[in-house]
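# Per-entry structural report
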Amino acid sequence: GENVEQHPSTLSVQEGDSAVIKCTYSDSASNYFPWYKQELGKRPQLIIDIRSNVGEKKDQRIAVTLNKTAKHFSLHITETQPEDSAVYFCAASTPSGTYKYIFGTGTRLKVLA
Amino acid sequence: DAGVTQSPTHLIKTRGQHVTLRCSPISGHKSVSWYQQVLGQGPQFIFQYYEKEERGRGNFPDRFSARQFPNYSSELNVNALLLGDSALYLCASSLATSTDTQYFGPGTRLTVL
C-alpha cells in the first residue's frame, strides 16, 4: 500500500543553524504534499505545502522542495529558533481513487539555545 | 483552523464499551476526515467524508464507523473498545477533496481501561 518514509526521527541543531527533514513517498500519483508542526499536546498546524506542479516553495524561513522523479520532498528551516522545537510531519495525498492523506512517522526537532 | 471543533476533549472508557466522537468543520468546508494518533506516531487516516458520503477509508476494522450530517458535522463511532484504541482522535476539515488543505481540530483524547 501507500507509504511515506520520514527521516530523521530526531534532529538537534544549534540556534541559528539550518534543519532539513526528508520524506519519500511510494504512490507516484500523489500530487499534494503538506508539512505540519505539532507541539506537545496540541493539534497539527500546517506550516507549508507544495503541489506536484511546483518544484520549490518558500515562506520566510521555511522552504519545501519536491523531486517528483525520485518521489521525495524535503522541509528546510533556516535560522532556527527555540520556538521551532516541535514534531514535524510530512504527508502525501492522492487525488484519485480512495481519498487519503498518508503521514510520515514524524521528526522531533530540538533547537538548542 | 480555529473553526474546527471537537467534543469531548477527553474521554475514559472501559474495554467492550462504545464511544461517539463529534466534529464540526470550519464554516464553508464540506469535507471531514478522521485520524487516529497514537503517542509518538503520525496521524493514521481512518475516514474521509464529503457531502455526506464516505470517500475514503483507512486500514481500520469494522468496529470503526462514521457519518456526516447535512450541516457537514461528523461523528466517529467505535464499538467494542480495545486497550489499543487509546489514542488522540483528530478531525480535519477541508473544502472538498483530500488534496485541499486540511485543518485539524484540537482532538479527543480517548483512554480505554
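Note that the coordinates shown come from a computational prediction; the quantities given were computed from them, not determined experimentally. (Residues numbered from 1 in each chain as written. Chains lettered and ligands numbered in written order. Predicted model: local features only at pLDDT ≥ 70, side-chain atom pairs only at ≥ 80, totals over all residues. Heavy atoms only, no water.)

## Details of the overall build of chain B
Heads up, the rule is: Numbered from the N terminus, helices here are DSSP runs of H or I no shorter than four residues, and strands are runs of E no shorter than two. Restricting the calculation to C-alpha atoms gives the radius of gyration, and the globule rule supplies 2.2 Å times the number of residues raised to the power 0.38. Classification of residues uses two cut-offs on accessible area relative to the type maximum, computed with a 1.4 Å probe and protein chains only: under 20% is buried, over 50% is exposed, and between them is partly exposed. Throughout, a residue-residue contact means that at least one pair of heavy atoms, one from each residue, lies within 4.5 Å. Accessible areas in this description were obtained via Shrake-Rupley with a 1.4 Å probe; residue shielding takes into account the shown protein chains only.
Helices and strands together make up the secondary structure of chain B, namely 0 helices and 11 strands. Overall, chain B shows an N-to-C arrangement of helices and strands of β-β-β-β-β-β-β-β-β-β-β. Taken over C-alpha atoms, the radius of gyration comes to 13 Å for chain B, in line with the 13 Å a tight globule of 113 residues would show. Along the first, second and third principal axes, the C-alpha set of chain B runs to 40 × 25 × 25 Å. Evaluated residue by residue, chain B yields a buried proportion of 51% over its 113 residues. Restricting the contact set of chain B to residue pairs at least 6 apart, pairs at least 24 apart contribute 54%. Per element, the accessible surface of chain B, about 5,000 Å² overall, is 51% carbon and sulfur.

## Observations regarding the interface of chain A and chain B
The cut-off we apply is this: A 1.4 Å probe defines the accessible area here, and the buried area is the portion of it lost by two parts on being joined, summed over both. Only one rule defines a salt bridge in this text: a Lys or Arg side-chain nitrogen within 4 Å of an Asp or Glu carboxyl oxygen. Whenever a nitrogen or oxygen atom comes within 3.5 Å of another N or O atom, the pair is scored as a polar contact, on the condition that within protein one atom can donate a hydrogen and the other can accept it, and that pairs from neighbouring residues in sequence are kept only if both atoms are in side chains.
The partner chain B presents 25 residues to the 22 residues of chain A that form the contact. Where chain A abuts chain B, roughly 1,800 Å² becomes buried across the two surfaces, and 53% of that area is made up of carbon and sulfur atoms. Counting across the chain A and chain B interface gives 0 salt bridges. One can count 6 residue pairs in polar contact (both at pLDDT 80 or more) joining chain A with chain B. Looking at the side of chain A that touches chain B, the elements with two or more residues in it are strand 4 (32–38), strand 5 (45–51), strand 9 (86–93) and strand 10 (101–103) of chain A. Ranked by residue count, the leading element in the side of chain A that touches chain B is strand 5 of chain A, at 4 residues.

## A few points about the nonpolar core
The criterion, for reference: In these notes, a set of buried Ala, Val, Leu, Ile, Met, Phe, Trp, Tyr and Cys residues joined through side-chain atoms within 4.5 Å is what counts as a nonpolar core.
Ranked by internal contacts, the top residues of the largest apolar core, which has 25 residues, are W35, F73, L75, Y88 and L109 of chain A. Every element with two or more residues in this core is listed here: strand 2 (10–14), strand 3 (19–25), strand 4, strand 5, strand 7 (62–67), strand 8 (72–77), strand 9 and strand 11 (107–112) of chain A. Sequence-distant contacts of Y88 of chain A, defined by excluding residues within four places in its chain, comprise Q6, I21, Y36, K37, I47, L75, I77, G106, T107 and L109 of chain A. Judged by nonpolar contacts, the second largest core, of 21 residues, contains L21, I46, L76 and C91 of chain B.

## Some points on the layout of surface pockets
Under the convention used in this document: Only protein atoms enter the 1 Å grid, on which a cavity is a set of points fitting a 1.4 Å probe that cannot get out and a pocket is an open set with protein on both sides within 12 Å along at least 5 of 7 lines, lining residues being those with an atom within 4 Å of a point. Grid points are joined across faces, edges and corners, and a volume is the space filled by probe spheres set on the points. Note on residue categories: nonpolar means Ala, Val, Leu, Ile, Met, Phe, Trp, Tyr, Cys or Pro, charged means Asp, Glu, Lys or Arg, and polar means any other residue, Gly included.
Of the voids in this model, the largest pocket is the one considered here, and its volume is about 530 Å³. In terms of lining residues, the largest pocket is bounded by 25 residues, among which Q38, E39, L40 and G41 of chain A together with L39 of chain B are the most central. Looking at the lining of the largest pocket, the elements with two or more residues in it are strand 9 and strand 11 of chain A. Counting residues per element, the lining of the largest pocket draws most heavily on strand 9 of chain A, which supplies 3 residues. Considered class by class, the residues forming the lining of the largest pocket number 8 nonpolar, 12 polar and 5 charged. Considered as a void within the structure, the second largest pocket measures approximately 300 Å³ in volume. For the lining of the second largest pocket, the secondary structure elements donating two or more residues are strand 10 of chain A together with strand 5 (44–50) of chain B. It is strand 10 of chain A that provides the largest number of residues to the lining of the second largest pocket, a total of 3 residues. In terms of residue class, the lining of the second largest pocket is built from 7 nonpolar, 6 polar and 2 charged.

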